[in-house]
Amino acid sequence: MKAVVLEVSDAQLEDRRRRGLDRFDEMWEGVLHMAPSPLYEHQRIVTAMVEFLGPVCRRRDLGELVLAINVFDEASAQENYRIPDFSFVAKGREQLLARDGIRGGGPDAVIEVRSPHDETADKFPFFARLGVREVIVIHRDTKQPEIYRLAGSRNVAVQTDADGWLRSEVLGVRFAHRDSDHVVIEDVDDSTIRMPNI
């Protein structure tokens, strides 16, 4: 359920910090969005993806794949950041990686595991403003993959090819929805390098 709380006291914020409940909170142009901790299925998907995509990025020397890091919009007049499940910064752009997150521009790609009623789609304009080239979404419950590619100032859905694959140009992998509730991810250059179904 989505809720709006008009005022949050310093004591409430400190209590959230102390108990570690603020780990996934985001600031949207000065407005605090307090996200709940992810469920087990969400974290299971994230773990499987990092175990597959991390080695692919390292083997191909593509850049840095980072889990749950702040992505800042420094051009905003008010504090403004989002925390995607994954951010990918291509080789040669490592200067964007700061101690507290990504600053000075957007990552090349972000990946979100989308839970029902979350704000994934609401983040698209933010990512587009920062020049994020691809937004990859995996639906937590159905495992349906989606890729949105930056076209001008907005994200446009990538269509599947004739065999049902969605290709990430940034990561060099492709995604397919199989068996009604599984996603398959494989290296576009070597289909034997494939993540087990999740």
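Conventions and cut-offs
Residues numbered from 1 in each chain as written. Predicted model: local features only at pLDDT ≥ 70, side-chain atom pairs only at ≥ 80, totals over all residues. Heavy atoms only, no water. Helix = DSSP H or I, 4+ residues; strand = E, 2+ residues; numbered from the N terminus. Contact = heavy atoms within 4.5 Å. Polar contact = N/O pair within 3.5 Å; in protein donor to acceptor, adjacent residues only side chain to side chain. Core = buried A, V, L, I, M, F, W, Y, C linked by side-chain atoms within 4.5 Å. Buried < 20%, exposed > 50% of the residue type's maximum accessible area, 1.4 Å probe, protein only. Pairing = 2+ DSSP bridges. Axes fitted to C-alpha atoms, helices over the stretch in contact; angles between N-to-C directions.

Asker: Help me out: how do you make sense of the environment of Asn-70 in this one?
Answerer: Within the fold, Asn-70 resides in the loop between strand S3 (63-67) and strand S4 (71-72). Distance from Asn-70 to Asp-100, taken between C-alpha atoms, is 6.8 Å for residues 30 residues apart in sequence. With residues near it in sequence (within four places) discarded, Asn-70 still touches Tyr-81, Arg-82, Ile-83, Asp-100, Gly-101 and Ile-102. Here Asp-100 takes part through its backbone oxygen, which lies 3.1 Å from a polar atom of the side chain of Asn-70.

Asker: Mind showing me how you'd approach the nonpolar core here?
Answerer: In globular proteins that are soluble, nonpolar side chains generally tend to be buried together. Of all hydrophobic cores here, the largest spans 29 residues; its most connected members are Met-49, Phe-88, Val-173 and Phe-175. Secondary structure elements with two or more residues in this core: helix H2 (40-59), strand S6 (86-90), strand S9 (109-114), strand S10 (134-139), strand S14 (173-178) and strand S15 (182-187). Ranked by the residues each element gives to this core, the list is headed by H2, at 8 residues. Discounting chain neighbours no more than four positions away, the residues touching Phe-88 are Cys-57, Leu-62, Gly-63, Glu-64, Leu-65, Pro-107, Asp-108, Ala-109, Val-170 and Leu-171. Counting 15 residues, the second-largest nonpolar core is a separate cluster that includes Val-66, Ile-102, Phe-124 and Val-135.

Asker: How should the sheet that holds S10 be read in this particular structure?
Answerer: Pairing between the strands of a sheet comes from backbone hydrogen bonds, and it takes one of two forms, parallel or antiparallel. If you trace the 6 strands from one edge of the open sheet to the other, you get S3-S6-S9-S10-S11-S12, paired in mixed fashion. Looking at the sheet topology across the chains shown, the edges are occupied by S3 and strand S12 (154-157). Direction aside, neighbouring strands of the sheet carry axes that sit 20° apart on average. Pairing between S9 and S10: 6 bridges, direction parallel. Across the sheet, residue Glu-112 finds its bridge partner in S10, namely Val-137. Sheet contacts for H2: S3, S6, S9 and S10; angle to S3, the most-contacted strand, approximately 165°.

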